[in-house]
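For reference, the chains in residue letters:
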Amino acid sequence: MSVLPYPLLALSLLLMWLVLNSFSVGHLLLGSAIAVFASWSMAALRPSKPRIRRWDLLARLLAIVLYDIIQSNIAVVLLILTGRKPGHHSAFLVVPLDLKDPTGLALLSVIVTSTPGTAWIEYNSSEGTLLMHILDVMDEREWIDIVKNRYERLLREIFE
């Protein structure tokens, strides 16, 4: 094992430590020790390297996600200020997923959790289903279509 199997991780952690805890020799030494230990711990996990097949689609996915996050923020604020519309309710939805790539699934979990009003609850790998919570649902099928056609389709093109 090399001294720093993940040098960028170690450097990032050290810089974050110093930003959060004013610079001093003690913090530099402690932050360095934590960064080296974290790098060794990450190496022990032996994560697989993601295979990105379509780099060109990452910018499109990012734009879609940022747009949806802004739109969802506005929708949640309006829900809080004006109340729930008739026929709308909170719901747990089971979404069947075809995405199998671990990196794609991790990114999908970040997207779902980052979007206000939605939460990734559980992924069942044996059945290939995602359990998620939606704050304001009128049509459950519409939400399933959003996840499958807006996010999963792009993630499959990027990673599978």
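Residue positions are given per chain, counting from 1 as you read along its sequence in written order. Whole-chain, interface and lining totals are the exception, using all residues; otherwise, since this is a predicted model, local features are given only for residues with pLDDT of at least 70 and side-chain atom pairs are given and counted only at 80 or more. Based on all heavy atoms of the structure, the side-chain values leave hydrogens and waters out of the count.

1. Points about the overall build of the protein chain
In plain terms, the rule: We count a stretch as a helix when DSSP gives it H or I for four or more residues in a row; a strand needs E for two or more, and each element gets its number in order from the N terminus. Burial classification: accessible surface area is computed with a 1.4 Å probe over protein chains only, and a residue below 20% of its type maximum counts as buried, one above 50% as exposed, and the rest as partly exposed. Throughout, a contact is declared for two residues whenever any of their heavy atoms are within 4.5 Å. Using a 1.4 Å probe, accessible areas were evaluated by the Shrake-Rupley method; residue-level cover was limited to the displayed protein chains.
Helix and strand content of the protein chain: 5 helices and 3 strands. Seen in sequence order, the protein chain has helices and strands lined up from the N terminus as α-α-α-β-α-β-β-α. With the principal axes as the frame, the protein chain shows a C-alpha extent of 60 × 40 × 30 Å. Of all 160 residues assigned to the protein chain, the portion counted as buried reaches 28%. Long-range pairs, those at least 24 residues apart, make up 72% of the contacts in the protein chain between residues at least 6 apart in sequence. A total accessible area of about 10300 Å² is found for the protein chain, and carbon and sulfur atoms account for 67% of it.

2. Here we look at the pattern of salt bridges
As a reminder of what qualifies: In the sections that follow, a salt bridge refers to a side-chain nitrogen of Lys or Arg positioned within 4 Å of a carboxyl oxygen of Asp or Glu.
Counting across every chain of the model gives 9 salt bridges. Residue Asp56 pairs with Arg54 through a salt bridge whose shortest N-O separation is 2.8 Å. The network of salt bridges with common partners includes Arg54, Asp56, Arg153 and Glu157.

3. As for the nonpolar core
The nonpolar side chains of soluble globular proteins are, as a tendency, buried together. Quick note on the threshold: What we call a nonpolar core is a set of buried Ala, Val, Leu, Ile, Met, Phe, Trp, Tyr and Cys residues that are connected through their side-chain atoms within 4.5 Å.
Ranked by size, the top nonpolar core spans 25 residues in total, and within it Leu61, Val95, Leu97, Leu108, Met132, Tyr151 and Leu155 carry the most contacts. Breaking this core down by element, the ones donating at least two residues are α3 (56-82), β1 (89-96), α4 (102-114), β3 (129-137) and α5 (140-159). If near-sequence neighbours (up to four positions away) are discounted, Leu61 is found in contact with Leu107, Ile111, Tyr151, Leu154, Leu155 and Ile158.

4. Some details on the UniProt feature "transmembrane region" (unreviewed entry) in the protein chain
Heads up, the condition is: UniProt positions are given in the numbering used here, feature names are shortened, and annotations may be inferred rather than shown by experiment.
Here, the residues flagged by UniProt with the feature "transmembrane region" (unreviewed entry) are residues 14-40 and 61-83. Note that residues 14-40 is 85% helix and 0% strand, and that its end C-alpha atoms are spaced 14 Å apart. Helix makes up 96% of residues 61-83 and strand 0%, whereas the separation of the span's terminal C-alpha atoms amounts to 31 Å.

5. Digging into the side chain of Thr129
As for its position among the elements, Thr129 is in strand β3. Overall, the relative accessible area of 15% leaves Thr129 in the buried class. Sequence-distant contacts of Thr129, that is, excluding residues within four places in its chain, are made with Val94, Val95, Pro96, Leu97, Glu122, Tyr123 and Asn124.

6. Thoughts on the packing of α3 against α5
Applicable threshold: Convention adopted: a line fitted to C-alpha atoms gives each axis, helices being fitted over their contacting stretch, and angles between N-to-C directions are expressed from 0 to 180 degrees. Here the angle decides the label: under 35 degrees means roughly parallel, over 145 means roughly antiparallel, 65 to 115 means roughly perpendicular, and every other value means oblique. Crossing handedness is defined as follows: a turn of the near helix away from the far one that is anticlockwise and smaller than a right angle gives a left-handed crossing, while the clockwise case is right-handed. Gly counts as polar in this scheme, as do all residues outside two lists: the nonpolar Ala, Val, Leu, Ile, Met, Phe, Trp, Tyr, Cys and Pro, and the charged Asp, Glu, Lys and Arg.
Packing of α3 against α5 leaves a shortest axis separation of 10 Å and a crossing angle of 160°. Relative to α5, α3 is oriented roughly antiparallel. Viewed along their axes, α3 and α5 form a crossing whose handedness is left-handed. Residues Leu57, Leu58, Arg60, Leu61, Ile64, Val65, Tyr67 and Asp68 of α3 form the contact with α5, whose participating residues are Arg150, Tyr151, Arg153, Leu154, Leu155, Glu157 and Ile158. Here the residues of the contact of α3 with α5 are counted per class, giving 10 nonpolar, no polar and 5 charged.

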